[in-house]
Structures are given as C-alpha cells and as structure tokens.
Amino acid sequence: MRGKTAVSAQQKNSFINKLIGVYELLPRQGTDAGAMTGIYNELLGLLIRELSCKAGSLFIIDSEDGSPVFIAVKGGDESLLGKKLEQGKGIVGRVASTGKIYLSKDAAKDPSWMGEVSSGKKFSTSDILACPIHYGGQIIGVVEVLNKKHGMFGRQDVQALSRLSRHIAVFMKHLIDASEQAKFIGMQSRLYALSKMLNSNLDTGSVVRGAMEAIVALVNAEVGSLLRVDKDKQELFFEVALGDSEKTLKEIRLKFGQGIAGWVAQNKHPIVVNDTAKDERFYKKADEKTGFVTRTVLCVPVMSGNEVVGVLQAINKKEGIFTNYDLRLITSLADQVAIALENAALHEELKRTFIEVVESLAEAIEKRDPYTGGHTKRVVRYSLMIADEVKLDNEEKDRLKMAALLHDVGKIGIDDSVLRKPAKLDDTEFEKMKAHPAIGADILGKIPQIKNIIPGILYHHEWFNGRGYPDGLSGDSLPKIARIISIADTYDAMTTDRPYRKGLTHDFALAELKKFSGIQFDPQFVEAFIHAFQRQQPA
C-alpha cells in the first residue's frame, strides 16, 4: 500500500514539474492565437501521456452560449480545431452540461457518442474518458481522452484524470483570461478606430466601406455588406459588398420581405441565422449568381428614427457560429453607422447646393460674354475626363470640378468693352483680360472654405515652361488642377466659334495640344486627355 502511495505522489510531482515547464512558455510566446494553440497542445499531450492513451481533445466552454469548442486535438482530426459542438449533445456536451466525469468502454454502442465528430478520420474510437474542468465553481472546459493503450480506461484513470484536471484548470483559466483580455483590447482598438472614422469622414463611400471592414473584423466574419433602401421602389440594393462578388451583387435588388435582409428591413428587427440551408427566408439566387456559399448570417437594420435606411450583414463566422453577443455588438454599431450616414448625406446635400449656386454664378458671368456660351460646363467635363484617366482621388476631383466651374469668375471685373468685343483683342486689351485670374483669386480668397481651389483659378493660364501668367510658374511648381484646367480651357477655346474666326476641328486642336506638350502644357495630362477622348467622345 505504501509503495502505491509513493508512486502516486511521485507521478503527481512529475506531472506538476512538467506543467511548470509548459508554464514557462508563456513569457516567451505571449498570448497570440498561435502561441496559445501550442500551449493547449502541450497540456493535452501531457494528459495523454500521463493516462497512456492514443488520442484526445481539449475544449473550452464558450462563455456566450455554453457550447464546447475544440482548442487542441492530438491523434485525431485536427481540422476540428475551432469548431463548436452543439450544447448538451454528445459525450463532451453531456459532460459540459452535467459537470460530471463520463466513462464509455464501447463508444460505438454508446448512445451519447457523436460518431460524426470522428467521421473522415483514419481513427477508430473504442473507449472514451471525458472530464469537466472546473474553476471557481464554473465549468470552463472539458478534456476527452480516447483509446487506452493497454486495456481500457478504469476507475484509476477516472481518479487520475479528475485529479490532473484540477491542475489543468488553473492553467486554462490563466490562458482564457489572457485571451479574453487580448480580445477586449483588440475590440476596443477597432471600435475606437471605427468611431474615429465615422465621426471624421463625410464621404459616404468611405464611411460605409470602412464601417463594414471594421464590423467584419469585430465579429470575425468572412465578408459583410451594407444594403441601402430605395424609398421609391421599397427595395434594397447593395451599396458595399466586401469580397470578390461585389460587382455581381450590385446588380441584385431585393424587395422588402425578400431574403433575410429583406425580412430585417420589413420587420425592423435584427436576426442571427446560423444555418441558412434550413431557413426559408434565405435568398439562394444571390449565391447561385456569385458562386459564394453563405452558411451563417448576422443581419441588423440601420435605423434613422423609426425609418429603415439600410441593412448591415456579416456573413460566415470564421470559427463557430454567430452569438447574441455578436448581434448586440453590431446592433450598437448600426446606430453609429446610421448617424454617420445622416451626417454624410447632409454634407452631400450642402455640397450639391453649393455647387448649384456656383454653377448659377458661372452661368451669370458667361452671359456677360455672348461668344462663350456653355464654355464653363465643357471645361468642367474635359477636366474631369483627364481626372478619370489619371485616376485622381475623389477629393482631388471635387477640388478640380469646383476650380473649373469658377476658373473664369474673375471676368466679372473685366470691362464690357474688352469682354464683349466682337473682334480679336489688341495688346492693351489683352493685358486687361490677363488680370481675370488674379481678380478671381482675390474674390474667392475671402471665402476660407474654398481656399484650396484658388490655385487652380489663379494659375490656369500659366505655361508648363514658365512663360505664362500671372507669376511665371513652371513644371511641378504649377498646381495639378491648374495644369489640367489649362488643357481643358485651351481645347474648348480652340474648338469654339468666335466672331473673328471659325472654331478649329477636334483633330487639329488635339494636334496643337501635342505640339505644345512640354511647352505650354503638362505632357502627362495632354496624353491623358487624348486617351480619354479615344474612349469617350464628349457630346
């Protein structure tokens, strides 16, 4: 009897010493997912060796829904890592629910055994021993060992695993807490970045795409989408769809009540669907059209007051299934997205109104010169053709458009005798006309909100070689928007009829631009203008 007790104490001390060896891994590896998986595997390996068996699995209990989650697998199917077992189902689910150790000496005949968990493995399960891992009165995990090497699991193995699991519990609690803390810090960081983006960005496209990218990361989904509401047609359309299928999805529209997103829009209620194949609301045609396979969906309405303005979707949880925690998180973010969309829409409306006022001002100025009708609109169109060709970003295009609209505003200060002269200007009159860029810049300089467009107005008559006016700037010292407007303005002037000459042909005007490329005009933008014309001949 004494001999057995001594051996048991020796084994116990040996196991604790090995645990200490695993514990020493923590300071070196930290708590990132890869390091933690390695540590869990070390723990499971220790248990398998101590109990002299062939395989095993280690589970933690999901704090949200109580389901066991594979965190380590040895001797079996490692593709199960990260997968969840249905709460209360199977031997592991039973142990997690009852908190009692379970021994099965013939798994194939045990009604509690879930054979499908082992399907596809080149492994035959005979006997199983599963033990709950308790900490502080709670079940935080389950360890399951399979196939005793010599004989079958018995009472001594039950006692040994029960004792060893208490040591494992302290270790696992430390790892779980570290993981939760890391998740919390990561989530807070993403939430802060999302909140900052939503509150600082008034570009609707940037807002919704940035929001969807953050939301997908927060709930660990594969992809996500934002569908917006077409009020007139009572339909949903995809404004943003992350992933390779975005272009195809943007061709799809859903009626209110159609599909899961349509149901959410109609009922104004969030929903989690963790098996789309069994949900009759799921709109299969979207997957058929894109080739994407939707398994799980988390879907919430975006509300403005009591009105649905959109629907947020996170699709395919990467590990496990979407939980009520995920649903609450996205629902709270949907409120922020709604506010950001409202702010962006208000900004867009104010911008449209301002542009309309500017367009009216430009038309009023044009009416003073009966020979240049439509000039401003054409300069805007040609300028944007170049902008698209060289792929200016939206902010640069907005500045370019505004500067092109107002490039001739300074003509308001030019005397009618010069501006409306039905003949070519003499040298004195031309010197007076050359003042209009400076006059325009001076007028608009009193409006701080549009100071970033003034260089385009002031310098659109400068030459690339420095021989233009008013300041003789050259090359890259010339603002980009001024170099673009210069080409658009000159092309339109050449191709428009004047009282003293007929407008030049399109081909001749392009030839002139080429001729003066590098002299009067930036060669890069001349080439872009010509390429743009080859693709889209303006009306």
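Scroll up to find the structure this text is about.
Residues numbered from 1 in each chain as written. Predicted model: local features only at pLDDT ≥ 70, side-chain atom pairs only at ≥ 80, totals over all residues. Heavy atoms only, no water.

*Asks:* Explain the packing of aromatic side chains residue by residue, including any values.
*Replies:* Tallying each qualifying case throughout the model produces nine aromatic pairs. Geometrically, the ring pair formed by Phe430 and Tyr469 is edge-to-face, given 6.4 Å between the ring centres and 90° between the ring planes. Of this pair, Phe430 sits in helix α14 (residues 427–433) while Tyr469 sits in the loop between α16 (454–458) and α17 (480–495); the two residues are 39 residues apart in sequence, bridging distant segments of the chain. Note on Phe430: relative accessible area 39%, which makes it partly exposed. What makes Tyr469 buried here is its relative accessible area of 15%. Pairing Phe529 with Phe533 gives two aromatic rings, centres 4.8 Å apart and planes at 75°, and the pair type is edge-to-face. Residue Phe529 and its partner Phe533 are located together in helix α19 (residues 523–535), separated by four residues, close to a single helical turn. Of the two residues examined, Phe529 and Phe533, each falls in the buried class. Joined through ring pairs, the aromatic side chains of Tyr382, Tyr491, Phe529 and Phe533 make up one cluster. Residue placement shows Arg281 over the ring face of Trp263; its charged tip is 4.8 Å from the ring centre. (Phe/Tyr/Trp six-rings, centres within 6.5 Å; stacked < 30°, edge-to-face > 60°. Helix = DSSP H or I, 4+ residues; strand = E, 2+ residues; numbered from the N terminus. Buried < 20%, exposed > 50% of the residue type's maximum accessible area, 1.4 Å probe, protein only. Lys NZ or Arg CZ within 6 Å of the ring centre and 35° of its normal.)

*Asks:* Before we move on, could you go through the sheet that holds strand β6 (residues 221–230) and cite the residues and values that matter?
*Replies:* Pairing is antiparallel across the open sheet formed by six strands, whose spatial order is β8-β7-β6-β11-β10-β9. For this open sheet the edge positions go to β8 (253–255) and β9 (271–273), each flanked by a neighbour on one side alone. On average, each strand axis in the sheet is tilted by 25° relative to the strand beside it, whichever way the strands run. Across eight bridges, the pairing between strand β10 (residues 297–304) and strand β11 (residues 307–317) is antiparallel. Each bridged residue has a counterpart across the sheet, and for Val297 the counterpart in β11 is Ile315. Lying on the sheet, helix α8 (residues 259–267) is in contact with β6, β7 (235–241), β8, β9, β10 and β11; it crosses β10 at an angle near 35°. (Pairing = 2+ DSSP bridges. Axes fitted to C-alpha atoms, helices over the stretch in contact; angles between N-to-C directions. Contact = heavy atoms within 4.5 Å.)

*Asks:* Report on the nonpolar core, specifying residues and quantitative values.
*Replies:* If you look at the biggest cluster of nonpolar residues, it comprises 45 residues, and the most contacted ones within it are Leu406, Ile487, Tyr491, Leu513 and Phe529. Where this core is concerned, the elements lending two or more residues are α10 (324–366), α11 (375–389), α12 (394–405), α15 (436–444), α16, α17, α18 (506–515) and α19. The leading source of residues in this core is α17, at eight residues. When sequence neighbours within four positions are dropped, the list of residues in contact with Leu513 reads Ile487, Tyr491, Met494, Phe521, Val526 and Phe529. Counting residues in hydrophobic clusters, the runner-up holds 29 residues, among them Leu43, Leu51, Phe153 and Phe171. (Core = buried A, V, L, I, M, F, W, Y, C linked by side-chain atoms within 4.5 Å.)

Read these as geometric descriptors, not functional statements.
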